[in-house]
Amino acid sequence: MKEFVLLVYTSSHAIGIEKKLKNLGVPCKLSSIPRNLSSDCGICVRFDEIGLKTVEDLVKTLPFDIQEIVALES
Amino acid sequence: MTVIYMDNAATSWPKPAEVSAAMIKTMEEAGGNAGRGGHRFAVAAGEILYQVRETVAAFFGSDDPFRVTFTANATESINLILKGYLKQGDHVLVSPLEHNAVMRPLQFLSQQNIQWSVLPAGKDGRINPALIEPMIRQNTRLFVICHESNVNGVIQPLHEISEIAHSYQIPVLADCSQSAGSIPIAIDCEGIDFLAFTGHKSLLGPVGTGGIVWGSHVDVNQIFPLKQGGTGSASDRYVQPDFLPDKFESGTLNTVGLAGLKAGIDWINRNQQNLVYLKKGELFREFLNEIRSIRRVHVFCAEKIENQGFVFSLTIDGIDNGFAAQWLDEEKGILSRVGLHCAPLAHRFLHSFPAGTIRFAASPFTTSQDFEACIEAVKILAENTTTLH
């Protein structure tokens, strides 16, 4: 299954989003940011394609901006 | 000799056992640096900070954990707002009971032609909302209100003040150092724009914790950060991030202390109905009334009991405050706070400057026996002013 990462501007946002996604039943985890995607020191939210729609819907409701959702190359 | 701690307005003691337990657990199990790196300890520390944000936000009626900014204490929070928001030529309205956490930064800012005036109030320092409007100038840009005085415990009518301020598009900074944790505060309901709190008083957390809760409508773009530095975010740039919470939180946060703060707030949430607001309120009122009835004792408190917090202070005719406080400590084990309480503006207004007063402040852990012991000790002081000298 295709994997995605949700890149945010700060680790705090990643932690908040991961908690909300888990509450919504979306399997996901926090992980270090792939260095080819960002130079930030922090973390991103990693999830499978099955959760993509829920993640996209959640992002629209957040009071802050995210960077982007990126599909990981296998 | 048993210690009777009545200096809870300086810092609360004891703390709930859960506070130190949470701090030790954080040190041992989440020893990483939040926001710096993706290993399990760093993530665990970040998750703790997020939980603290959620807890603090909910406690003050905010639904956005990221509108909580952590600082070391209320003084830093107030400095951040005053120095980050005010501009040259601005005018500020303050209550007559402000602490030096407000007055010293304002005095410093007067070098930039930022002026301040004191709002009209009753004898106890409680602002009279009906007299506010004539004080507002064209360049008035901020109200600063000490929600609960650390000298006489007067609680200000925040909601009424905010309504007037907002009708002139002027925001309100509430210094909730004393009130946070002992009086329910809903930030938007009270009309607070910038809520400054400290963690180590009535919130029952450790020293070195505090913060700001931003009102839901506040545009933080109008506030400059007090400090710049590493945040773990936007690390490829020299420019400070402009988003919450990182904008105002450069440098490693006090994760251990903040975990303790959460434990303190959790304790209040579990016990508030029984201990803090109701039962202790009645006990404290009885205590205050007993002290007020003692001859030669002058009590500094609210004129109306419904405006009284869990702090008051007193002087005793014919006896030096310092001597009295020392006697209370050495002879009775009662720890009070003598002096000006870092609030010379308040003491000038209350006509207790420069000698100050002896302050008593309760906590949820103060017992009826503690109150009785204080009453008896003050009676002895008041009845023996000559012999005790």
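Here the structure is shown first, and the text comes after it.
No experiment lies behind these values; they were computed from the predicted model shown.

Thresholds, definitions, all that
- Residues numbered from 1 in each chain as written.
- Chains lettered and ligands numbered in written order.
- Predicted model: local features only at pLDDT ≥ 70, side-chain atom pairs only at ≥ 80, totals over all residues.
- Heavy atoms only, no water.
- Pairing = 2+ DSSP bridges.
- Helix = DSSP H or I, 4+ residues; strand = E, 2+ residues; numbered from the N terminus.
- Axes fitted to C-alpha atoms, helices over the stretch in contact; angles between N-to-C directions.
- Contact = heavy atoms within 4.5 Å.
- Core = buried A, V, L, I, M, F, W, Y, C linked by side-chain atoms within 4.5 Å.
- Buried < 20%, exposed > 50% of the residue type's maximum accessible area, 1.4 Å probe, protein only.
- Parallel < 35°, antiparallel > 145°, perpendicular 65-115°, else oblique.
- Left-handed = near helix turned anticlockwise from the far one by under 90°.
- Nonpolar A, V, L, I, M, F, W, Y, C, P; charged D, E, K, R; others polar.
- Buried area = accessible area lost by both parts, 1.4 Å probe.
- Salt bridge = Lys/Arg side-chain N within 4 Å of Asp/Glu carboxyl O.
- Polar contact = N/O pair within 3.5 Å; in protein donor to acceptor, adjacent residues only side chain to side chain.
- Phe/Tyr/Trp six-rings, centres within 6.5 Å; stacked < 30°, edge-to-face > 60°.
- Expected span 1.5 Å × (residues − 1).
- Arc of directions from axis to C-beta.

> Help me understand the sheet that holds strand β2 (residues 28–32) of chain A in this model?
By definition, the strands of a sheet pair up through backbone hydrogen bonds, in either a parallel or an antiparallel sense. All names here are of chain A. If you walk across this open sheet you meet the four strands as β2-β3-β1-β4, and the pairing is antiparallel. Of all the strands in the sheet, the pair left with one neighbour each is β2 and β4 (68–71). Across the sheet, the axes of successive neighbouring strands diverge by a mean angle of 30°, strand direction being ignored. Bridge count for strand β1 (residues 3–7) against β4 is four bridges, and the pairing is antiparallel. Among the inter-strand pairings, valine 5 is bridged to a residue of β4, identified as valine 70. The strands touched by helix α1 (residues 11–23) are β1, β2 and β3 (43–48); relative to β3, the strand with the most contacts, the crossing angle is about 25°.

> Could you clarify how one ought to interpret the nonpolar core in this entry?
Buried together is how nonpolar side chains tend to be arranged in soluble globular proteins. Residue and element names in this part refer to chain B. Of all hydrophobic cores here, the largest spans 44 residues; its most connected members are Val56, Phe60, Phe143, Leu195, Phe197 and Leu203. Of all elements in the fold, only α2 (40–59), β2 (68–71), β5 (140–146), α5 (158–167), β6 (172–175), β7 (194–198) and α7 (255–292) reach the threshold of two or more residues within this core. In terms of residue count, α2 provides more of this core than any other element does, eight residues in total. The residues touching phenylalanine 143, leaving out its near neighbours within four places in the chain, are Leu93, Leu119, Ile132, Ile136, Ile161, Ala165, Ile170, Pro171, Val172 and Leu173. Val297, Trp327, Leu328 and Ile375 belong to the second-largest nonpolar core, a separate cluster that totals 29 residues.

> Quick question: what am I supposed to make of the packing of helix α8 (residues 321–332) of chain B against helix α10 (residues 368–383) of chain B here?
The description of two helices packed together rests on the angle between their axes and the distance between the axes. Residue and element names in this part refer to chain B. Viewed as axis vectors pointing N to C, α8 and α10 meet at an angle of 125°, and their least axial separation amounts to 11 Å. By the angle between their directions, the pair α8 and α10 is classed as oblique. When you trace α8 past α10, the crossing you get is right-handed. Contact residues: Ala324, Trp327, Leu328 and Lys332 in α8; Ala377, Ile380 and Leu381 in α10. Among the residues forming the contact of α8 with α10, the class breakdown is six nonpolar, no polar and one charged.

> Please explain the interface of chain B and chain A as it appears in this structure.
It is common to report an interface's size as the accessible area lost on association of the parts. If you look at the interface, chain B gives 21 residues, while chain A gives 18 residues. At the boundary of chain B with chain A, total buried surface from both sides reaches about 1,500 Å², with 59% on carbon and sulfur atoms. By the criterion of area lost to chain A, the three top residues of chain B are B:Tyr50, B:Phe66 and B:Phe243, representing 29% of everything that side buries. In this structure, the connection of chain B to chain A is made through one salt bridge. Of the charged contacts in the structure, one is a salt bridge between A:Lys19 and B:Glu54, with a shortest N-O distance of 2.5 Å. On the surface where chain B and chain A come into contact, there are three residue pairs in polar contact (both at pLDDT 80 or more). For the side of chain B that touches chain A, the residue count by class is seven nonpolar, seven polar and seven charged.

> How do you make sense of the side chain of B:Thr71 when you look at a structure like this?
Residues and elements named next belong to chain B. Structurally, threonine 71 is set in strand β2. Judged by its relative accessible area of 8%, threonine 71 is buried. Of note is the side chain of threonine 71, whose polar atom sits 2.9 Å from the backbone oxygen of asparagine 73. Setting aside its immediate chain neighbours within four residues, threonine 71 contacts Glu76, Ser77, Gly208, Thr209, Gly210 and Gly211.

> Help me understand the pattern of salt bridges, please; the structure alone is not making it clear to me.
Side-chain pairing between opposite charges can occur once the charged atoms of the two side chains come close. All names here are of chain A. Across all of its chains, the model carries 14 salt bridges over all chains by this definition. With its nearest N and O atoms 3.3 Å apart, the salt bridge here joins arginine 46 to glutamate 3. Taken together, the positions of arginine 46 in strand β3 and glutamate 3 in strand β1 put the pair 43 residues apart, joining distant regions of the chain. With relative accessibility at 26%, the residue arginine 46 sits in the partly exposed group. Linked by salt bridges that have partners in common, Lys53, Asp57 and Lys60 make up one network.

> Explanation requested: the environment of B:His159 in the structure shown.
Residue and element names in this part refer to chain B. Here histidine 159 lies in helix α5. A relative accessible area of 37% places histidine 159 in the partly exposed class. Aside from chain neighbours lying at most four places away, what touches histidine 159 is Cys189 and Glu190. In this structure the side chain of histidine 159 is engaged in a polar contact, spanning 2.8 Å, whose partner is the backbone oxygen of cysteine 189.

> How do you make sense of the packing of aromatic side chains when you look at a structure like this?
Aromatic ring pairs are reported here in terms of the distance separating the ring centres and the angle at which the planes meet. All names here are of chain B. The tally for this structure, following the rule as stated, stands at 19 aromatic pairs over all chains. Consider the rings of tryptophan 267 and phenylalanine 365, whose centres lie 4.9 Å apart with planes at 35°: the pair is tilted. Taken together, the positions of tryptophan 267 in helix α7 and phenylalanine 365 in the loop between β13 (357–361) and α10 put the pair 98 residues apart, joining distant regions of the chain. Accessibility expressed as a relative area gives 9% for tryptophan 267, which makes it buried. Here phenylalanine 365 falls in the partly exposed class, since its relative accessible area comes to 28%. An angle of 65° between the planes, with centres 5.9 Å apart, marks the rings of phenylalanine 284 and phenylalanine 287 as edge-to-face. Residue phenylalanine 284 and its partner phenylalanine 287 are located together in helix α7, separated by three residues, close to a single helical turn.

> I'm lost on helix α1 (residues 17–29) of chain B in this one. Help?
Along an α-helix, residues three or four positions apart point the same way, because every turn accommodates 3.6 residues. All names here are of chain B. Over its 13 residues, α1 extends 18 Å from the first C-alpha to the last, a length consistent with the 18 Å expected when each residue adds 1.5 Å. Looking only at α1, the buried set comprises Val19, Ala22 and Thr26. Considered in projection along α1, the buried side chains sweep an arc of 65° and stay on one side of the axis. Seen from the buried face of α1, the exposed residues on the opposite side, beyond 90 degrees, are Ala17, Met27 and Glu28.

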